[in-house]
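The lines below spell out each chain.
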Amino acid sequence: MDYDIAVVGAGYVGLPLSTTFAEAGCRVLVVDVVERVVEALNRGETHIEDVESARWAPLVQQGLVRATTDYSELKQAEAVLIALPTPLSRQREPDLSIVEAATRDIAAVLQEGQVVVLESTTWPGTTREVLQPLLEQGSGLKVGEGFHLAMSPERVDPGREDWTTKTTPKVLGGITPECTRRAADVYRRAIDSIVEVSTPEAAELTKLLENIFRSVNIALVNELAQLCDRMSIDVWEVVDAAATKPFGYMRFSPGPGLGGHCIPVDPFYLTWKAREFEFNTRFIELAGEINWQMPYHVVERAAEALNEHGKPIKDAKVLVLGLAYKKNIDDLRESPSIRLIELFRQKGAQVEYHDPYCPKMKEMRHQPRYMLEMQSIPLEQGISWADVVVIATDHDSIDYEKLVRDAKLVVDTRNATRQATFGRDKIKTA
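Cut-offs applied
- Residues numbered from 1 in each chain as written.
- Predicted model: local features only at pLDDT ≥ 70, side-chain atom pairs only at ≥ 80, totals over all residues.
- Heavy atoms only, no water.
- Helix = DSSP H or I, 4+ residues; strand = E, 2+ residues; numbered from the N terminus.
- Rg over C-alpha atoms; globule rule 2.2 N^0.38 Å.
- Areas by Shrake-Rupley, 256 points an atom, 1.4 Å probe, with all protein chains shown as cover.
- Lys, Arg positive; Asp, Glu negative; His and termini not counted.
- Charge placed at Lys NZ, Arg CZ, Asp CG, Glu CD.
- Core = buried A, V, L, I, M, F, W, Y, C linked by side-chain atoms within 4.5 Å.
- Buried < 20%, exposed > 50% of the residue type's maximum accessible area, 1.4 Å probe, protein only.
- Contact = heavy atoms within 4.5 Å.
- Pairing = 2+ DSSP bridges.
- Axes fitted to C-alpha atoms, helices over the stretch in contact; angles between N-to-C directions.
- Phe/Tyr/Trp six-rings, centres within 6.5 Å; stacked < 30°, edge-to-face > 60°.
- Lys NZ or Arg CZ within 6 Å of the ring centre and 35° of its normal.

### Regarding the overall build of the protein chain
Scanning the protein chain from N- to C-terminus turns up twelve helices and 15 strands. The globule rule puts the C-alpha radius of gyration for 430 residues at 22 Å, and the 23 Å found for the protein chain is close to it. The dimensions of the protein chain, computed from C-alpha atoms along their principal axes, are 70 × 50 × 45 Å. Entry remark: accessible area of the protein chain is about 19900 Å², with carbon and sulfur atoms responsible for 50%. Put simply, the protein chain has 49 plus and 64 minus side-chain charges, and the middle of one group is 3 Å from the middle of the other.

### Side note on the nonpolar core
Counting residues in hydrophobic clusters, the biggest one holds 46 residues, and the most contacted among them are Val8, Leu74, Ile106, Leu135 and Leu149. For Val8, the residues in contact, after removing those within four places along its chain, are Val31, Tyr71, Leu74, Val80, Leu81, Ile82, Ala83, Leu84, Ala102 and Ile106. Within the second largest apolar cluster, 36 residues are counted, among which are Leu17, Ala22, Val65 and Ala83.

### Notes on the sheet that holds strand 8 (residues 194–196)
Spatially, 3-2-1-4-5-6-7-8 is the arrangement adopted by the eight strands of the open sheet, whose pairing is mixed. Edge positions in the sheet fall to strand 3 (65–68) and strand 8, since each has one partner strand and no second. Geometrically, the sheet is characterised by an average inter-axis angle of 25° between neighbouring strands, direction not taken into account. Note that strand 2 (residues 28–31) and strand 3 share four bridges and pair parallel. Looking across to strand 3, one finds that Val30 is bridged to Ala67.

### Regarding the packing of aromatic side chains
Evaluation of the coordinates by the stated rule reveals three aromatic pairs. Consider the rings of Phe21 and Tyr187, whose centres lie 6.0 Å apart with planes at 50°: the pair is tilted. Residue Phe21 is located in helix 1 (residues 14–23), and its partner Tyr187 is located in helix 6 (residues 177–187); the two are separated by 166 residues in the primary sequence. Judged by its relative accessible area of 0%, Phe21 is buried. Since its relative accessible area comes to 0%, Tyr187 is described here as buried. If you follow Arg333 out to its NZ or CZ, it ends over the ring of Tyr12, 4.0 Å from the centre.

Listed below in structure tokens is the structure:
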């Protein structure tokens, strides 16, 4: 075959995955439906910050990677890895339409002996109950005999450098033991450590557990932050002090809400699936409620702080500092900063934002449905115009001591101003 690996989806998961296999010497085909993305990739240009063009271009020049919009080329690959979005519907139920459509296209060209692996995060049972019948019916082949099917959930953490796609252990479970073995052999070409589990359901639930663990613990400190606000206790001092315990404690920090594709979304896959078994995941759902309410808490905290300075929130000038969902990246998926902008506007405030990683923002919003378009404003022109600066993302490139000096009022949701010595009376935590 012409390719060792084909990756369907050139996004935050698919592109780092493709790069990792190509750097291991594998011939990689990338399939994506967005033509401009495909054309740019074939020119050696990337759109994902975790894979810079300087890293991707040599792989293109060496003939190790090529991108296409044509699913029929998948028949020339030994293995097909599906790395596509699995969002929630407006009713907060799993939407597998993108994965299902791609699976039908894969089934139409599936070849005997090929390995197919789902990387997309989803509910336990998706690989067996959704992908397997689509692939078998569309190809006429039987899983475990004509082709091999497995699930290996992605563990991408955008912006992280200490653990990469190559070095992060890969959990994997196949429909049959032979499926597991064949899929593990595929990943061993490029990934340092493979963790085989007995079924795809175990692999699917492993990913959900990882992110539910984080969601629940973040909800705990978010709720504690709200209580500390009422009790006039510095929540960050408490979190820092607790983190000195060398055993039995893991540090989690409060914030303005959850962002990224995983933590705000993944728990709802399990709560949805659990209903099929007449089981209510109350703990998980409560955590979700607390985390989803945090942007409202931040806006209320800013309104209180403005009121203390004799300024109503209506017509107040608000600068939201940081648009990406976490520091030092350009990823806007599920970013709480966008929700903050909406909520401030609903209160009648005039809102601008600054983010060195996100110069422009164009996001479809749904309640009501409209397009939110804004541009980052430069800090060099000063921030004295703003009645309040709300730190939503603590990018390292910001001089927070200068920010506090120049600002009239700061609401800090990330403890970014902890080193500031001048003007601490201007700082309110949230």
